[in-house]
Amino acid sequence: MATETQVTKGKNPFLAAVITAITSCTLLGLAITYGWLGTDIGEGSKFCEALRGDLINQPANTWSNLGFIFVGLIIGYQGQKQTELMDGMVGFFACVVVLLGPASAAMHATGTATGQNLDLTSMFLISSFAASYAMKRWFDLTKAQFITTFLLWLAAGEIVLFAGVTVPIVLHGGNAVFAVGIVTAVLLEVRIWHRNPSRAVARAGMLTVGSLAAAFSIWLLDQGPWCDPNSLIQGHALWHILCAVAAYFQFRMYHADSLNNQTSEVSEAN
């Protein structure tokens, strides 16, 4: 267990998440107010909600991103007394989840190309973490190797994004890279679980995948039969909320896996 001394020496994931939330939200607020992100070209209009033309283009799709910030703060708070879990990367993951909120809101609030790039970059952050952390545990990578792998996944997403590749169903190459990262993570997590089975890990993993599946189903339907541009309830906003829920269950899976490994190590030692 982490001691109080360890927490006060800069290993407090909750403090990291709070600082990330305040900084990113403040910057986004200033960017929206002063037009730092560029010209509104209607980005986000394909996600059904009508563009209001106000300071916040798509209110439902924008404010629903608060779910990511809330969940990131919860992850940081719950992880602050056990900072050694997840190989000491609870704070890293909490900050990644927090950043999903302001980055996605940047597109839906402003309708700018820069906002869209920020939205996709945040998606690459979470999928890159999921894939890289699974690879770290499966291949027993060092932290330096994990960081390198994480950066390579992130770079791949950015390269495909700026290449302008279009892909059926998921709209463009950026979404495809995100999906590949998530699928890679799921396949490796299943293999990791088989190596050291745990009901708690399986339950959290199933809840993560179930939340993502429900979110993606709504994401698709919102671009078709469920689309009502003027409704206060938007399918894409529900996608945001369910993805935030999935991120929380993802953390619970990592947490349970870390505890399971600690128990196994103690049993082997005895």
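This is a predicted model, so every value here is computed, not measured. (Residues numbered from 1 in each chain as written. Predicted model: local features only at pLDDT ≥ 70, side-chain atom pairs only at ≥ 80, totals over all residues. Heavy atoms only, no water.)

1. Re the nonpolar core
- Counting 45 residues, the largest nonpolar core has I75, M86, F93, F129 and Y254 as the members making the most contacts within it.
- Among the secondary structure elements, those contributing two or more residues to this core are α2 (13-34), α4 (66-79), α5 (90-110), α6 (113-139), α7 (143-163), α8 (173-195), α9 (199-221) and α10 (235-269).
- What Y254 contacts, discounting residues up to four positions off in sequence, is M86, F93, F129, A130, Y133, R137 and E189.
- In this structure, I32, I56, A106 and A109 belong to the second largest nonpolar core, which totals eight residues. (Core = buried A, V, L, I, M, F, W, Y, C linked by side-chain atoms within 4.5 Å. Buried < 20%, exposed > 50% of the residue type's maximum accessible area, 1.4 Å probe, protein only. Helix = DSSP H or I, 4+ residues; strand = E, 2+ residues; numbered from the N terminus. Contact = heavy atoms within 4.5 Å.)

2. A look at the pattern of salt bridges
- What the rule picks out here adds up to five salt bridges.
- In this structure, E43 engages K46 in a salt bridge whose closest nitrogen and oxygen atoms are separated by 3.7 Å.
- E43 gets classed as buried once you look at its relative accessible area, which sits at 17%.
- Here the salt bridges share partners, and the residues they tie into one network are R137, E189 and D257. (Salt bridge = Lys/Arg side-chain N within 4 Å of Asp/Glu carboxyl O.)

3. With respect to α2
- Relative to the 32 Å expected for 22 residues at 1.5 Å per residue, α2 spans 31 Å between its end C-alpha atoms, a close match to the ideal helical length.
- Within α2, burial applies to P13, A17, T20, A21, S24, L28, A31 and I32. Here the buried residues of α2 occupy an arc of 110 degrees about the axis, which is enough to place them on one side. Along α2, exposed side chains directed more than 90 degrees from the buried face belong to I22 and Y34.
- Of the surrounding secondary structure, the elements contacted by the buried residues of α2 are α4 and α5. (Expected span 1.5 Å × (residues − 1). Arc of directions from axis to C-beta.)

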